[in-house]
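Close look at the chain arrangement
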Amino acid sequence: DPARAWCAALDRAAGPKVVRAEVRERGRFGRGNECQLRVRGFVAEALHRHATGGACRYYLTTQPLAEDAEGRPELCGEPVRSLVRENLFPPTCPLLPSLILANANVWMGCAPAGRSTSSGLHHDFHDNVLVQVCGAKRVRMWDPSATNVLRPAGGRARVHANGRVVYGNERVEADGRDAAAATSLDLHRALDDASDSDDCDALLDAALALEANHEKEPATPLAPGPPNFATRKAPRGLPSYAACYIGPGDALYIPCGVWHEVSSGGGLHAAANYWCHPPDGASFARPYTSSFWADDWARRRRDDPLLKT
């Protein structure tokens, strides 16, 4: 039974760890109601509901991430960190080794027997590799060209050629790097190499000035909530990009900007996902036109204890 095997592994690796979970409210998730509980308690609740055909009160989703000394969010929270330490979760995506990881997560819940739960229609800001561990999902997808037809909550958007969606006047490149981020990384490199105190002071002043001047004008939102969720259903006649079912052991690659709705079937369902920085190059071996993310990853490998182990 994939569900029980997964729950046993998750409990062994991360049972005492505390995670944040969404709480079902009036029969639905996504209303902003959350709680903290230990992984062991969440697993027990999910298994109980799975055995009785009921709906789990909790849904495990993305976790708050701490920032490192350079202001970058961690690559993953719990329970992924514990799974990585136990060699149960590769810290980078084996299917797409040339893409650079931004974030990794576990998604888990239990729907009532004979019913399904929906993620809502949305797009991601990263390329997504979704790996089904147990249970099944139906995924419907639409091309990024449908972005403004679907009226995202974030308001009017522009779409890069690779599908990366940008709201407001944010200066975001196709590979997801902020226009000011590259300059910031150069300053950090220079600080690493600087030996003279006057040089360090000048570089620190430049970094502070860059942060102060980098003010973003927000987009005019159409609705409250995450900007990347549609405010209307896919209209009749809008051609579906693709639709598929995935089960235990299946993986689905969803490029950034592809609109998708994920429905999880009844019973216990769990998936892992890797969000990778979106490629803007034409080669699988060299997916990025800039060295920005490769340089950033090299710094992570040097500094992140999880990657060192």
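A short tour of the structure in this document, coming up. Numbers given to residues run from 1 along each chain, matching the order in which its sequence is written. Given that this is a predicted model, residues contribute local features only at a pLDDT of at least 70 and side-chain atom pairs are listed and counted only at 80 or more, while totals for whole chains, interfaces and linings are drawn from all residues. Each side-chain value is derived from all of the structure's non-hydrogen atoms; neither hydrogens nor water enter the calculation.

**Some details on the overall build of the protein chain**
As a reminder of what qualifies: Working definition: helices are DSSP H or I runs of at least four residues, strands are E runs of at least two. Numbering for both runs from the N terminus. Whether a residue is buried, partly exposed or exposed follows from its accessible area with a 1.4 Å probe, protein chains only, as a fraction of its type maximum: under 20%, in between, or over 50%, in that order. Working rule for contacts: check all heavy atoms of both residues, and any pair within 4.5 Å makes them a contact. Note that accessible areas follow from Shrake-Rupley with a 1.4 Å probe, and for residues the cover is restricted to the protein chains shown.
The helix and strand inventory of the protein chain stands at 7 helices and 13 strands. The buried share of the protein chain, taken over its 309 residues, is 43%. For the protein chain, restricting intrachain contacts to residue pairs at least 6 apart in sequence, the fraction spanning at least 24 positions comes to 77%. When the accessible surface of the protein chain is summed, it comes to about 15,800 Å², and 51% of that surface belongs to carbon and sulfur atoms.

**Considerations on the packing of aromatic side chains**
Filter applied, for reference: The aromatic pairing rule takes the rings of Phe, Tyr and Trp, using the six-membered ring of Trp, and pairs them if the centres are within 6.5 Å, calling planes under 30 degrees apart stacked, those over 60 edge-to-face and the rest tilted.
One pass over the full model with this rule turns up 4 aromatic pairs. With centroids separated by 6.3 Å and ring planes inclined at 80°, the aromatic side chains of Phe125 and Tyr167 adopt a geometry described as edge-to-face. Here Phe125 is found in the loop between strand E5 (117-118) and strand E6 (127-134), whereas its partner Tyr167 is found in strand E9 (residues 165-167), with 42 residues between them in sequence. A relative accessible area of 25% places Phe125 in the partly exposed class.

**Examining the nonpolar core**
What counts here: As used here, the term nonpolar core means buried Ala, Val, Leu, Ile, Met, Phe, Trp, Tyr and Cys residues forming a set that is joined through side-chain atoms within 4.5 Å.
Formed by 46 residues in total, the largest nonpolar core has its most connected members in Trp6, Phe89, Val106, Met108, Leu268 and Tyr274. Among the elements that make up this core, the one with the highest residue count is helix H1 (residues 2-14) (6 residues). Ignoring sequence-local partners within four residues, the contact set of Leu268 consists of Ala3, Cys7, Ala46, Leu47, His50, Met108, Gly109, Cys110, Cys134 and Gly135.

**Focus: the side chain of Arg300**
Just so we agree on the cut-off: As used in this structure description, the phrase polar contact means that two N or O atoms lie within 3.5 Å; if the pair is within protein, one of them must be able to donate a hydrogen and the other to accept it, and residues adjacent in sequence are counted only when both atoms belong to side chains.
Mapped onto the fold, Arg300 is located in helix H6 (residues 292-303). Looking at Arg300, its side chain comes within polar contact range of the main-chain oxygen of Pro73, at 2.8 Å. Among all residues touching Arg300, those that are not within four sequence positions of it are Arg72, Pro73, Glu74, Leu75 and Leu307.

**Here's the deal with helix H2 (residues 39-52)**
Rule in force here: One less than the number of residues in a helix, times 1.5 Å, gives the span that helix is expected to have.
The terminal C-alpha atoms of H2 lie 20 Å apart, and with 14 residues this matches the ideal 20 Å at 1.5 Å per residue to within 8%. Burial in H2 covers these residues: Val39, Phe42, Val43, Glu45, Ala46 and Leu47. Close packing links the buried residues of H2 with H1, strand E1 (18-23), strand E2 (34-38), strand E3 (58-60), strand E4 (101-111) and strand E13 (267-276).

**Some words on the pairing of strand E11 (residues 251-254)**
What counts, and what does not: A strand pair is defined by DSSP finding two or more bridges across the two strands.
A one-sided burial pattern is seen for E11, the buried positions being Leu252 and Ile254 and the unburied ones Ala251 and Tyr253. Sheet topology note: the E6/E11 ladder contains 4 bridges and is antiparallel. By the bridge assignment for E11, Asn128 is matched with Ile254.

**A short note on the sheet that holds E5**
Read from one edge to the other, the open sheet built from 4 strands follows the order E5-E12-E7-E10, with strand pairing classed as antiparallel. Of all strands in the sheet, those with a lone pairing partner are E5 and strand E10 (242-246), marking the two edges.

**Brief notes about the pairing of E6**
Within E6, 6 of the 8 residues are buried, which leaves it mostly tucked inside the rest of the structure. Bridging between E6 and E13 involves 7 bridges; their strand directions are antiparallel. Considered in E13, the bridge of Val129 is made with Tyr274.

**Things to note about the pattern of salt bridges**
Stated precisely, the cut-off is as follows: Here, a salt bridge means any Lys or Arg side-chain nitrogen found within 4 Å of an Asp or Glu carboxyl oxygen.
Inspection of the entire model under this criterion finds 13 salt bridges. One continuous salt-bridge network, built from bridges that share partners, spans Asp68, Arg72, Asp296 and Arg300.

**Comments concerning the packing of H1 against H2**
Note the following rule: Helix axes use the C-alpha atoms of the stretch in contact, all axes being lines fitted to C-alpha atoms, and the angles between their N-to-C directions lie in the range 0 to 180 degrees. Just so you know how the angles are binned, under 35 degrees is roughly parallel, over 145 roughly antiparallel, 65 to 115 roughly perpendicular, and the rest oblique. Here a crossing is taken to be left-handed if its near helix is turned anticlockwise relative to the far helix by less than a right angle, and right-handed if that turn runs clockwise. Polar here means any residue other than Ala, Val, Leu, Ile, Met, Phe, Trp, Tyr, Cys and Pro, which are nonpolar, and Asp, Glu, Lys and Arg, which are charged; Gly is therefore polar.
Direction vectors running N to C along H1 and H2 enclose 165°, while the axes themselves pass 9 Å from each other. One finds that H1 runs roughly antiparallel with respect to H2. Between H1 and H2 the crossing geometry is left-handed. Every residue of H2 that contacts H1 at Ala3, Arg4, Cys7, Leu10, Asp11 and Ala14 is listed here: Val39, Arg40, Val43, Leu47, His50 and Ala51. Taken together, the residues of the contact of H1 with H2 sort by class into 8 nonpolar, 1 polar and 3 charged.

**Points about H6**
Note that an α-helix has 3.6 residues per turn; residues three or four places apart therefore point the same way. Under the convention used in this document: Note that the arc is computed from the directions linking the helix axis to the C-beta atoms.
With 12 residues, H6 ought to run about 16 Å at 1.5 Å a step, and its terminal C-alpha atoms sit 17 Å apart, in line with that. Along H6, the positions that sit buried rather than exposed are Phe292, Trp293, Asp296, Trp297, Arg299 and Arg300. Seen from one end, H6 has its buried residues packed into an arc of 160°, which puts them on one side.

**Let's talk about unusual backbone geometry**
Cis geometry marks the peptide bond from Glu78 to Pro79; its omega dihedral reads 5°. Mapped onto the elements of the fold, Pro79 is located in the loop between E3 and helix H3 (80-85). Although it is not a glycine, Asn87 adopts a positive phi angle of roughly 60°. With respect to the helices and strands, Asn87 occurs in the loop between H3 and E4. You can call Asn87 exposed: its relative accessible area is 73%. Phi is positive for Arg151, close to 50°, though the residue is something other than glycine. When you line up the elements, Arg151 lands in the loop between strand E7 (137-142) and strand E8 (157-159).

By themselves, these are just geometric observations and shouldn't be taken as functional.
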